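# Remarks on the overall topology
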Amino acid sequence: MRAPLSLVLAAAILTIRPSDRLSAQTAQSYPSTANRLIDAALRDSAAWQKLARLTDTFGHRLSGSEALERAIDWMLAEMRREGLDSVRGEPVMVPRWVRGEERAELVVPRPLRLPMLGLGGSIGTPREGVTAEVLVVSSFADLERQAERARGKIVLFDVPFTSYGATVQYRGNGAVAAARAGAVAALVRSVGPYSLRTPHTGGMGYDASVPKVPAAAITSEDAAMLHRMQDRGERVVVRLRMGARSEADVQSRNVVAELRGREHPEQVVVMGGHTDSWDVGQGAQDDAGGVVAAWEALRLIKALGLQPRRTIRVVGWTNEENGLRGGLAYRDQHAAELTDHVVAIESDGGIFKPVGFGFTGSDSARAILREVVRLLERLDADSLLAGGGGADIGPIMQRGVPGMSHVTEGDYFWYHHTDADTVDKVDPRDLARSVAMMAVMAYVLADMPTRLPR
Ligand SMILES: [Zn+2]
């Protein structure tokens with residue numbers, strides 16, 4: 001039976017009304033609060049000073065390292081000192097992969113040290129290393145075409161960067177493809193669009209159906225050179241030595257701090273990034289900057305004396321890089337509260353020129369967010385893009401929590417997972433603007449009269 005027209009209209013009005021109400025709210029009361037938050041964020045370089053203290057004091061923060069746990073201790077102590085609510089470390093067991101000593105050398109046609117980084121999760125080589133002829137391939141399909149030539153060799157995937165998602169396949173799956181063809185080790189061209197002979201590390205995987213072989217990244221420059229040598233018909237021999245190993249899981253923590261909501265404390269807007277990093281550089285862009293942007297946003301909201309209707313919770317997830325155990329543990333430890341999670345916002349794409357936010361959720365929520373991002377016009381950060389999320393919030397998004405990503409635009413993949421990911425690569429102005437973006441978005445979503453619909 002068809003519903004009477006009056007019921008259909010009533011339903012339509014009910015679905016429209018929240019955004020109308022919010023439009024009125026954002027138009028009338030939120031601009032002044034947003035401007036106060038933006039002014040406070042842009043006033044000084046407090047966020048950058050905090051980021052520099054974190055990265056200079058503790059350095060890189062691989063899961064299972066003492067540096068990560070000391071950085072977490074410091075964050076928790078600072079958050080308590082700042083008077084944030086419910087500051088705590090939520091325990092998470094994380095994998096511990098240790099790089100050990102490593103070295104790659106070109107042996108033939110001429111001796112040359114090749115800057116390299118073993119890939120996270122790789123096994124090591126025997127102590128004397130693996131010395132073998134190199135077969136350079138341009139793709140997985142290229143390897144398949146010459147599979148009979150790969151046996152006993154080191155396969156090098158020389159695949160230039162197109163997009164991170166496409167090119168990272170070779171880092172993640174190269175060792176399996178090489179081993180399937182009978183190779184003794186895998187090398188990949190570093191995943192990055194530009195290089196100053198900087199190798200990039202990152203996670204990789206094995207498949208139980210083929211033997212594990214050691215895997216490492218060399219620089220774009222050297223991968224291209226070995227490729228040219230092969231194309232000229234020269235024999236290329238490389239010696240690879242890696243002391244990499246995996247040890248037993250150890251305990252880490254997700255860092256949590258809140259500003260308790262005044263009307264609906266059980267309803268939560270979550271925002272954050274990951275505290276862990278690879279064991280190179282300082283993990284400043286990936287992802288200390290994202291964590292500090294969210295943390296400073298919360299501190300500023302509190303410092304201005306604002307208390308939104310709902311709770312804002314900042315989370316520094318642990319073990320994003322080589323396990324995602326922090327994001328998975330958060331999902332499980334908060335399973336009973338997930339229906340009360342209004343939205344989750346992750347900043348894990350670097351801190352560069354502000355763009356706006358990506359969003360994954362319902363059309364009715366998107367209509368409201370289109371109004372909210374207008375509050376960020378003066379930061380040039382008022383874009384609302386399709387497809388938001390992040391690795392750490394992925395597990396709760398799968399349980400129905402709408403997801404947002406904080407989006408900036410810059411040369412993230414020049415530095416990503418390299419020794420060059422240091423705090424000087426973060427512009428203090430960009431970080432201040434990111435703090436402002438996160439503060440305005442989190443505050444409005446936590447305070448607007450009607451909860452963001454799912
Ligand atoms: Zn990251």
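This is a predicted model, so every value here is computed, not measured.

So, how was this worked out
- Residues numbered from 1 in each chain as written.
- Predicted model: local features only at pLDDT ≥ 70, side-chain atom pairs only at ≥ 80, totals over all residues.
- Heavy atoms only, no water.
- Helix = DSSP H or I, 4+ residues; strand = E, 2+ residues; numbered from the N terminus.
- pLDDT = per-residue confidence, 0-100.
- Contact = heavy atoms within 4.5 Å.
- Expected span 1.5 Å × (residues − 1).
- Buried < 20%, exposed > 50% of the residue type's maximum accessible area, 1.4 Å probe, protein only.
- Phe/Tyr/Trp six-rings, centres within 6.5 Å; stacked < 30°, edge-to-face > 60°.
- Lys NZ or Arg CZ within 6 Å of the ring centre and 35° of its normal.
- Polar contact = N/O pair within 3.5 Å; in protein donor to acceptor, adjacent residues only side chain to side chain.

With glycine set apart, most residues show a phi of negative sign, and most peptide bonds adopt trans. Look at the link from V108 to P109: it is a cis peptide, with omega at 10 degrees. Mapped onto the elements, P109 comes out in the loop between β2 (102-108) and β3 (112-114). That bond from D286 to D287 is cis: its omega, 5 degrees, falls within 30 degrees of zero. As for its placement among the helices and strands, D287 is situated in helix α8 (residues 284-303). Of note in the backbone geometry, L324 takes a positive phi value of approximately 60 degrees without being a glycine. The topology assignment puts L324 in the loop between β12 (310-317) and α9 (325-333). In this structure, D380 takes a positive phi of about 60 degrees despite not being glycine. Relative to the helices and strands, D380 resides in the loop between α10 (363-372) and β15 (383-386).

Take the confidence of the model for the chain next. Averaged over every residue, the pLDDT of the chain is 95; the share at 70 or more is 94%. Element-level pLDDT for the chain is lowest in helix α1 (residues 5-28), with a mean of 46, against a maximum mean of 99 in β12. Predicted confidence is poor over residues 1-16, with pLDDT under 50, and the contacts of this stretch with residues over four places away or in other chains come to one contact.

On to helix α4 (residues 66-81), then. One full turn of an α-helix is made of 3.6 residues, so residues set three or four places apart face in the same direction. An ideal rise of 1.5 Å per residue puts 22 Å on 16 residues; α4 measures up with 23 Å between its terminal C-alpha atoms. Buried within α4 we find A67, L68, E69, A71, I72, W74, M75, L76, E78 and M79. Buried-residue contacts for α4 involve α3 (46-58), β1 (85-98), β10 (245-259), α8 and β12. Looking one or two residues past α4, G83 carries a phi angle of roughly 80 degrees, positive in sign.

What follows deals with the packing of aromatic side chains. How two aromatic rings sit relative to each other is set out by the distance from centre to centre and by the angle between their planes. Within this structure, the stated rule accounts for 14 aromatic pairs. Centroid distance F140 to Y170: 4.1 Å. Interplanar angle 20 degrees. Geometry classified as stacked. With F140 in helix α5 (residues 140-145) and Y170 in helix α6 (residues 164-180), the pair connects residues that are 30 residues apart, well separated along the chain. Residue F140 is classed as partly exposed on the basis of its relative accessible area of 26%. Judged by its relative accessible area of 13%, Y170 falls in the buried class. Taking the centre distance of 5.6 Å and the plane angle of 45 degrees together, the rings of F157 and Y170 count as tilted. With F157 in strand β6 (residues 154-157) and Y170 in helix α6, the pair connects residues that are 13 residues apart, well separated along the chain. The exposure classification of F157 matches that of Y170, with both residues buried. Cluster of aromatic residues (ring-pair linked, three or more members): F161, Y164, F352, Y412 and F413. Lying across the ring of W295, K50 places its NZ or CZ 3.7 Å from the centre.

Okay, the side chain of E296 next. Mapped onto the secondary structure, E296 falls in helix α8. Given the relative accessible area of 3%, E296 is considered buried. Engagement of the side chain of E296 in a polar contact is seen with the side chain of K50, the distance being 2.7 Å. Other than its neighbours up to four places away in sequence, E296 contacts A46, A47, K50 and V435.

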